[in-house]
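Coordinate inspection notes
As a plain string of letters, each chain reads:
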Amino acid sequence: MKRKHVLAGVLAAAMTVLSACSSMPGMGNAQPAADAGSGSGDGQVYELKISTSQTEQSLITRNYQKLADELNERSGGRLKVTVFPAGQLGSDEDVLEQAIQGANVAVNTDASRMGQYVKDFSILMMGYFADNYDECYKVTQTDTFKGWCDTLSKDHGIKILSFAFYDGPRQFMTNKEIKTPEDLEGMRIRTIGQEVCTETIQAMGATPISMSWGEVYNGIQSKALEGCEVQNTSSHPSRIYEVCKYQTKTNHFQLMQGLVCGQNWFESLPEDLQTLLVETSNEIGKETAANVMTEVEEAEKKMIEAGVTVTEPDPAPFKAAVDPIYDKLGYTELREQLYKEIGKTK
């Protein structure tokens, strides 16, 4: 996907005390966001439409619905937040452009898409960058990450409300058992259409195909695709197990999810609602992330019951195949820097 350059208009000075990055709560001791129902205001109702391409039954959609319910209640009706699943408002890219231009929309996104604006952001979606949610979350607390967020808001008009949402590790769903990268040779595998994702999947042996998620089921069924790589929280509700016989647990991507809106629209809110929106987004993101792996395991059991064979190959050959991509895409030094910031050894 080519990066789309959008002139967002002249931005008002960013309110640093309300930066989404700097206000993320600490793991394990987050406090509920303050109720803004009695805050000062002119009685105006501010509507926000949350868009996601995922189905109504998917975990991330349900988590955003929980966020919407909390915001509507805590704001005393001053915020009217509605979730639109299954791409009802358009593609993620189209909704993001609407947000940049000032529309009252927020969109579910991932690090690779934000990397189209701030390249370093994409490292969170590089193959085998992190082993779990906790490591990814620690990255979002670093000064480096906060700098990326500042650049997004000041230079591109994108406000990060939270990057604390999580959708689990991604696996291969195919009709052929995968034991080594050689087994993926030439297989047409759907992945996210961003460079870090396509390069990772190609390095792992497959032929990466970019396709709308809503088309993947039919793509595999018609044999236009030979599989996909996806997290259980999406593969099960999307019923991908009906057209794939095997799941290979490679855990190559840890899918952190972000909720973003336009900086201009965000700054149009009263201060107390800005604070409520950011704090509640981070609170619900962290809170729901704690339940993801339970849902991942439950989805795996259900897919096994439906006839899927689940295998867990040695990850070493896959990691070795992906590692050169860090040099190729220019992320080796950044990886070392972030590992140092979060106290991780390679």
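Description of the structure in this document. (Residues numbered from 1 in each chain as written. Predicted model: local features only at pLDDT ≥ 70, side-chain atom pairs only at ≥ 80, totals over all residues. Heavy atoms only, no water.)

Details of the overall build of the protein
The helix and strand inventory of the protein stands at 14 helices and ten strands. Of all intrachain contacts in the protein linking residues separated by at least 6 positions in sequence, the fraction that spans at least 24 positions is 80%. As presented, the protein carries roughly 14,500 Å² of accessible surface, and 46% of it is formed by carbon and sulfur atoms. (Helix = DSSP H or I, 4+ residues; strand = E, 2+ residues; numbered from the N terminus. Contact = heavy atoms within 4.5 Å. Areas by Shrake-Rupley, 256 points an atom, 1.4 Å probe, with all protein chains shown as cover.)

Focus: the packing of aromatic side chains
The tally for this structure, following the rule as stated, stands at nine aromatic pairs. Relative to Trp148, the ring of Phe121 has its centre 5.3 Å away and its plane inclined at 45°; by these criteria the two rings are tilted. Remark: Trp148 occurs in helix α5 (residues 143-156) and Phe121 occurs in the loop between α3 (111-114) and α4 (133-140); sequence separation between them is 27 residues. Note on accessibility: Phe121 and Trp148 belong to one class, buried. Pairwise contacts between aromatic rings join Phe121, Phe145, Trp148 and Phe163 into one cluster. Between the NZ or CZ atom of Arg335 and the centre of the ring of Tyr326, over which it lies, the distance is 3.8 Å. Directly above the aromatic system of Tyr339 lies the positively charged group of Lys344, at a separation of 5.3 Å from the ring centroid. (Phe/Tyr/Trp six-rings, centres within 6.5 Å; stacked < 30°, edge-to-face > 60°. Buried < 20%, exposed > 50% of the residue type's maximum accessible area, 1.4 Å probe, protein only. Lys NZ or Arg CZ within 6 Å of the ring centre and 35° of its normal.)

Focus on the packing of helix α1 (residues 59-74) against helix α10 (residues 271-289)
Here α1 crosses α10 at 140°, and the two axes come no closer than 10 Å. Relative to α10, α1 is oriented so that their crossing is right-handed. On α10, the residues that touch Asn63, Lys66, Leu67, Glu70, Leu71 and Arg74 of α1 are Leu276, Leu277, Thr280, Ser281, Glu283, Ile284, Glu287 and Thr288. (Axes fitted to C-alpha atoms, helices over the stretch in contact; angles between N-to-C directions. Left-handed = near helix turned anticlockwise from the far one by under 90°.)

Focus on unusual backbone geometry
Phi at Tyr128 takes a positive value of approximately 60°, unusual for a residue other than glycine. With respect to the helices, strands and loops of the structure, Tyr128 is situated in the loop between α3 and α4. Positioned with a positive phi, Arg239 is a non-glycine residue whose angle comes to about 65°. In this fold, Arg239 is placed in the loop between α8 (232-235) and β8 (246-248).

Looking at the nonpolar core
Counting 60 residues, the largest nonpolar core has Met114, Phe121, Ile123, Met126 and Phe129 as its most contacted members. Element by element, the count of residues in this core is highest for strand β4 (residues 158-174), at six residues. What Met126 contacts, discounting residues up to four positions off in sequence, is Val196, Thr200, His252, Phe253, Ile325, Tyr326, Leu329 and Tyr331. In this structure, Ile50, Ala68, Leu161 and Leu277 belong to the second largest nonpolar core, which totals 24 residues. (Core = buried A, V, L, I, M, F, W, Y, C linked by side-chain atoms within 4.5 Å.)

Some words on the pairing of strand β3 (residues 105-110)
Burial within β3 is extensive, with six of its six residues counted as buried. With burial as the criterion, each face of β3 is covered, one bearing Val105, Val107 and Thr109 and the other bearing Ala106, Asn108 and Asp110. The sheet contact formed by strand β1 (residues 46-51) and β3 spans three bridges and is parallel. Looking at β3, one finds that Lys49 is bridged to Val105. Relative to strand β9 (residues 254-262), β3 runs antiparallel, the two sharing five bridges. (Pairing = 2+ DSSP bridges.)

Topic: helix α11 (residues 292-305)
End to end, α11 covers 20 Å across 14 residues, agreeing with the expected 20 Å (1.5 Å per residue, within 8%). All of the buried residues in α11 are Val292, Val296, Ala299, Glu300 and Met303. The buried residues of α11 occupy an angular sector of 105° when projected down its axis, which confines them to one face. Those residues of α11 that are exposed and angled more than 90 degrees off the buried face are Lys301 and Glu305. Looking at the buried positions of α11, the neighbouring elements they touch are α1, β4, α8, β8, α10 and β10 (309-311). One or two steps after α11, the chain reaches Gly307, where phi turns positive at roughly 110°. (Expected span 1.5 Å × (residues − 1). Arc of directions from axis to C-beta.)

Some points on the environment of Thr198
With respect to the helices and strands, Thr198 occurs in helix α6 (residues 195-203). Its relative accessible area of 22% is what places Thr198 among the partly exposed residues. Excluding its chain neighbours within four sequence positions, the residues that come into contact with Thr198 are Thr191, Ile192, Gly193 and Pro208.

Topic: the side chain of Ser238
Of note, Ser238 is situated in the loop between α8 and β8. Of the residues examined, Ser238 reaches a relative accessible area of 16% and is grouped as buried. Filtering out sequence-adjacent residues up to four positions away, Ser238 remains in contact with Thr55, Trp213 and Tyr217.

Spatial relationships are all this shows, so hold off on functional conclusions.
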